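Fold and contact review
The lines below spell out each chain.
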Amino acid sequence: MAFRAAVITFPGSNCDRDMAVALEALSGEPAIRVWHGDADLPDGLDFIALPGGFSYGDYLRSGAMAAKSPILRAVVAAAGRGVPVLGVCNGFQVLTESGLLPGALMRNAAQNFVCKTSELEVTSTASPFTRGFEAGQRLRIPVAHHDGNYFADDATLDALEGDGRIAFRYLDNPNGSRRDIAGVLSENGRVLGMMPHPERAIAPAAHPSMGGDDGRKLFENVIESLVAA
Amino acid sequence: MKIRILVRLKPGVLDPQGRAVHHSLDSMGFEGVEDVRIGRMIEMDAADGTSDETITAMCEQLLANMVIEDFAIEKVDAQTEPA
C-alpha cells in the first residue's frame, strides 16, 4: 500500500524534516512536502502532519498566523473528510488556533522553556494514532517548548474526558497543563494535537537518557489503521 | 483613523507572566501591589469609516484568542492624542 503523507512547512517550522524522515522510515514512502502558501493539498492523502517549530516567529501567539495561512483552509477541509491530522508542538498550537481542536496553549506555568524526555500515559486508545497502545501504557517522548501549557475551561475539560478525547497525559507535568493533558483528540478521533515529539523518538538511542523509540508505535498505528480500513 | 486594541487574558485565566512580574515588584520593595496581569496593545491605522463590525471580526478571528482572551477597542482621536 502506498502511504501518502504530507508534511506542511511554515516559515519558522524546524521539525518538518524530522517528521518527514520519521514518516518515510516507518511507511517506506517519502512524505510530500507542502509549503504554507500553497492553496491546495496533494490529492488522495492518507495523513497530514503539522510539525513543530516557531511558525511566523510565534508572532502574536504561537500558531496564530499559521492557522490563518492558505494551506490551513485545505487542512481543515481534509480533516472534515476524515484524513488523519497530527499536530506536534507548534503543530498542536496551530490546531487549537485553527479551531480543529478545543482549548489553547499558553506560556509554560514556570515561564521557562522545557527540553527533556517526558513520561506520558496513554489515556485513550480510540483513535488511529493510539489504537495499538494499551490504555495506561507509559511512553517516554521528548518535549521542547515554551508554550505548552494546555488550557480549556472546566466544562470543556469535563467533556473531553467524558468523550475519551484525552490521548495522552503527562506523568511529570512539565508545563502546568490543566489535568496533565499532553495530547487531545478531535470529536471523531482523527485529529491529534500533542506537545511531545513522537518523530524524535523513532530509533533506539545509544543510551536510555538520550530517548528511545516509543514514538514509532504512534506512526505505525496510523499506517496500520489505513490497512485495516 | 487610529484604532487601539487591548487584548487581555480573561478573568480567571492564570497569567504566569503577570505573576512573575508581581513577584519582582514585591522583591524590589514596591508595596501594595495586589495583582499584575499582562496583556497586549495593538495600534492600527485603518481607513476612515472602518466599521465596528469589521474591527470586532479582526479581533475575534485573529488578534485575540477567544478561548483565553478578551479585547477592548478604542478609537483614538488624533487631535487630542499627544504626539
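All values derive from a computational prediction rather than experimental measurement. (Residues numbered from 1 in each chain as written. Chains lettered and ligands numbered in written order. Predicted model: local features only at pLDDT ≥ 70, side-chain atom pairs only at ≥ 80, totals over all residues. Heavy atoms only, no water.)

1. Here's the deal with the overall build of chain A
Looking only at helices and strands, chain A has five helices and eleven strands in total. Relative to the globule expectation of 17 Å for 229 residues, the C-alpha radius of gyration of chain A, 16 Å, shows essentially globular dimensions. For the C-alpha atoms alone, the extent of chain A along its principal axes is close to 40 × 40 × 35 Å. Counting all 229 residues of chain A, 56% fall into the buried class. Of the contacts made within chain A by residues no fewer than 6 positions apart, 74% connect residues no fewer than 24 positions apart. About 8900 Å² of surface is accessible on chain A, with carbon and sulfur atoms providing 49% of the total. For chain A, the distance from the average position of its 20 positive side-chain charges to the average position of its 27 negative side-chain charges is 2 Å. (Helix = DSSP H or I, 4+ residues; strand = E, 2+ residues; numbered from the N terminus. Rg over C-alpha atoms; globule rule 2.2 N^0.38 Å. Buried < 20%, exposed > 50% of the residue type's maximum accessible area, 1.4 Å probe, protein only. Contact = heavy atoms within 4.5 Å. Areas by Shrake-Rupley, 256 points an atom, 1.4 Å probe, with all protein chains shown as cover. Lys, Arg positive; Asp, Glu negative; His and termini not counted. Charge placed at Lys NZ, Arg CZ, Asp CG, Glu CD.)

2. Description of the pairing of strand E2 (residues 32-35) of chain A
Residue and element names in this part refer to chain A. Note that strand E1 (residues 5-9) and E2 share four bridges and pair parallel. Each bridged residue has a counterpart across the sheet, and for Thr9 the counterpart in E2 is Trp35. Following the backbone out of E1, through helix H1 (residues 16-27) and into the adjacent parallel E2, one traces a crossover that is right-handed. (Pairing = 2+ DSSP bridges. Right-handed = clockwise from strand over helix to strand, strands pointing away.)

3. Remarks on unusual backbone geometry
Residue and element names in this part refer to chain A. Not every positive phi belongs to a glycine, and Leu60 is a case in point at roughly 70°. Here Leu60 lies in the loop between strand E3 (47-50) and helix H2 (70-80). Using a relative accessible area of 19% as the deciding quantity, one classes Leu60 as buried. Positive phi is not limited to glycine here, since Gln111 has a value of about 75°.

4. Here's the deal with the interface of chain B and chain A
One frequently used descriptor of interface size is the decrease in accessible area upon assembly of the parts. Taken together, the contact pairs 16 residues of chain B with 14 residues of chain A. Across the chain B to chain A interface the summed buried area is about 1200 Å²; carbon plus sulfur atoms make up 66%. The three residues of chain B that bury the most area against chain A are Pro16, Leu62 and Asn65 of chain B, which together make up 39% of that side's buried surface. Between chain B and chain A we count one salt bridge in total. (Buried area = accessible area lost by both parts, 1.4 Å probe. Salt bridge = Lys/Arg side-chain N within 4 Å of Asp/Glu carboxyl O.)

5. Brief notes about the sheet that holds strand E3 (residues 69-76) of chain B
All names here are of chain B. An order of E2-E1-E3 is seen for the three strands of this open sheet, with the pairing classed as antiparallel. Edge positions in the open sheet fall to strand E2 (40-45) and E3, since each of these has one partner strand only. Each strand axis lies, on average, 20° off the axis of its neighbour in the sheet, ignoring direction. As paired elements, strand E1 (residues 2-9) and E3 share eight bridges and run antiparallel to each other. When the sheet's bridge partners are listed, Leu9 is paired in E3 with Glu69. Docked against the sheet, helix H2 (residues 52-63) engages E1, E2 and E3, running at close to 145° with respect to E3. (Axes fitted to C-alpha atoms, helices over the stretch in contact; angles between N-to-C directions.)

6. Structural notes on H1 of chain A
All names here are of chain A. Here H1 is twelve residues long and its end C-alpha atoms lie 16 Å apart, about the 16 Å a rise of 1.5 Å per residue gives. Among all positions of H1, only Asp16, Met19, Ala20, Ala22, Leu23, Leu26 and Ser27 are buried. Burial along H1 is one-sided: seen end-on, the buried residues are contained in an arc of 160°. Exposed residues on H1 whose side chains face more than 90 degrees from its buried face are Arg17 and Ala25. Looking at the packing, one finds that the buried side of H1 touches E1, E2, E3, strand E4 (85-88) and helix H5 (216-228). Following H1 by one or two positions, Gly28 adopts a phi angle in the positive range, close to 80°. (Expected span 1.5 Å × (residues − 1). Arc of directions from axis to C-beta.)

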